[in-house]
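Results of the structural survey
Residues per chain, in single letters:
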Amino acid sequence: MNRRTFITALPALAAARSLLAAAGAAKSRIGICTFSCHQHWKAVSAKHVGVKFTDTLSFARYVCELGAEGVQAPLRSQDAKVAKQIRAFTEETNGYYEGELRLPRNDADLADVETDVQLAREAGASVARAVFTNGRRYEAFKTLADFRAFEAQTEKTLALIEPVLRKHQLKVAIENHKDHTADELASLMKKISSEWIGVLVDTGNNLALLEDPYATMDALAPFALSVHLKDMAVQASDDGFLLSEVPLGTGMLDLPRIITTLRKANPALVLNLEMATRDPLKVPCLTDGYWTTFPERKATHRDAALARVEANPPRQRVPNIAGKPVAAVLAEEEANNRHGLAWMQKHFRA
């Protein structure tokens, strides 16, 4: 579908989605998060000639053409006009927008954070994703003391932002981002105890912390405000195992079971595809350094995790992009996202 055909089809698309909403299907809305297109965003930053979007609005149009009903993405601008454009587009297509926020560390950050909250609301968001850190726990923290300081900071951060969120009526969904265990994140949610703060449940991340994926869902479902839906594959390696996102329905996760658990807790959840097309990630759980921040879990989690790896070999070749031309990587990423959105439409629309 080219751009002109897509624009012409917008009224029919919006009408179809309105009928689905009237039929009670709004609780099953299906979209995509920005990291599902992170190779494309990297190409945008590198000014690659083959890009299909360059900003959040054109990204929203692009993924709508792929079959998504909405996006979870940062505005990438503090211009109120951009926020209004996003709102207009989602209203035109009867879609949705979930924002992304950076979190404050201290009072000096609050003014800029409040501006971002206001803009997210102006763009039509009622929920925005956030993370405490972009680093993986076993790579980012070199000592247990470092991790304890991080934990203390997360409590301060949530206490700082909660009044701002309450004032503007925006909910923030904190992703389980390979930093907290499921129980740690659930405990943090209980401590803050605010309707404006919950969890973005990523269906695969806690495998990197050697957690059972279904126990993770059980622990986090009561706090779920958003979802990153992914399927996963694991492969044994010399120092632990390799972890890969794979096309939905081809990996080790029982996705219907997971979504049933999450929807039971929050029927209004939208499902944001996150199919990261990249090389496998290393989870070095056979090294001493991996256990620095949770030494007590080695006896309780390592063997079960390695047994899970052995019991679930990949069903097909996992994504691997090393050495491929940019154009080939972008084409593979788009194919993975098209597959994922079509799979979600088939399995989770009703």
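Read on for an overview of the structure. (Residues numbered from 1 in each chain as written. Predicted model: local features only at pLDDT ≥ 70, side-chain atom pairs only at ≥ 80, totals over all residues. Heavy atoms only, no water.)

1. Quick notes on the pattern of salt bridges
What counts, and what does not: Salt bridge criterion: a side-chain nitrogen from Lys or Arg within 4 Å of a carboxyl oxygen from Asp or Glu. Runs of E in the DSSP output that reach at least two residues are strands. Runs of H or I that reach at least four are helices, and both are numbered from the N terminus. Exposure categories follow from relative accessible area, calculated using a 1.4 Å probe and restricted to protein chains: below 20% of the type maximum is buried, above 50% is exposed, and the middle band is partly exposed.
In this structure the tally under the stated criterion is 22 salt bridges. Ionic pairing is found between Lys230 and Glu245, a salt bridge with its closest N-O pair at 3.4 Å. Taken together, the positions of Lys230 in the loop between strand E7 (224–229) and strand E8 (231–237) and Glu245 in strand E9 (residues 240–246) put the pair 15 residues apart, joining distant regions of the chain. Each of the two residues, Lys230 as well as Glu245, counts as buried.

2. Side note on the environment of Leu253
We count it as follows: Here, residues are in contact when the closest pair of their heavy atoms is within 4.5 Å.
Along the polypeptide, Leu253 turns up in the loop between E9 and helix H10 (255–265). Exposure remark for Leu253: the relative accessible area of 8% places this residue in the buried category. The spacing of Leu253 and Trp41 is 212 residues in sequence and 27 Å in space, taken between C-alpha atoms. Leaving out residues up to four positions away in the same chain, Leu253 has contacts with Thr203, Leu207, Pro213, Tyr214, Lys230, Asp231, Met232 and Ile258.

3. Observations regarding the packing of aromatic side chains
Quick reminder of the rule: In summary, the pairing rule links any two rings of Phe, Tyr or Trp, Trp by its six-membered ring, whose centres are within 6.5 Å, and it sorts them by plane angle into stacked for under 30 degrees, edge-to-face for over 60 and tilted for everything else. By definition here, charges over rings are those cases where NZ of Lys or CZ of Arg is within 6 Å of the ring centre and within 35 degrees of the ring normal.
As enumerated under the stated definition, the model contains 13 aromatic pairs in all. Aromatic pair Trp291 and Phe294: ring centres 5.8 Å apart, planes at 50 degrees, arrangement tilted. We note that Trp291, like Phe294, is buried. A connected cluster of aromatic rings, assembled from ring pairs, spans Trp41, Phe53, Phe59 and Tyr62. Above the face of the Phe147 ring, Arg137 is positioned so that its terminal group lies 3.7 Å from the ring centre. When the ring centre of Tyr214 is taken as origin, the NZ or CZ atom of Arg257, which lies over that ring, is 4.0 Å away.

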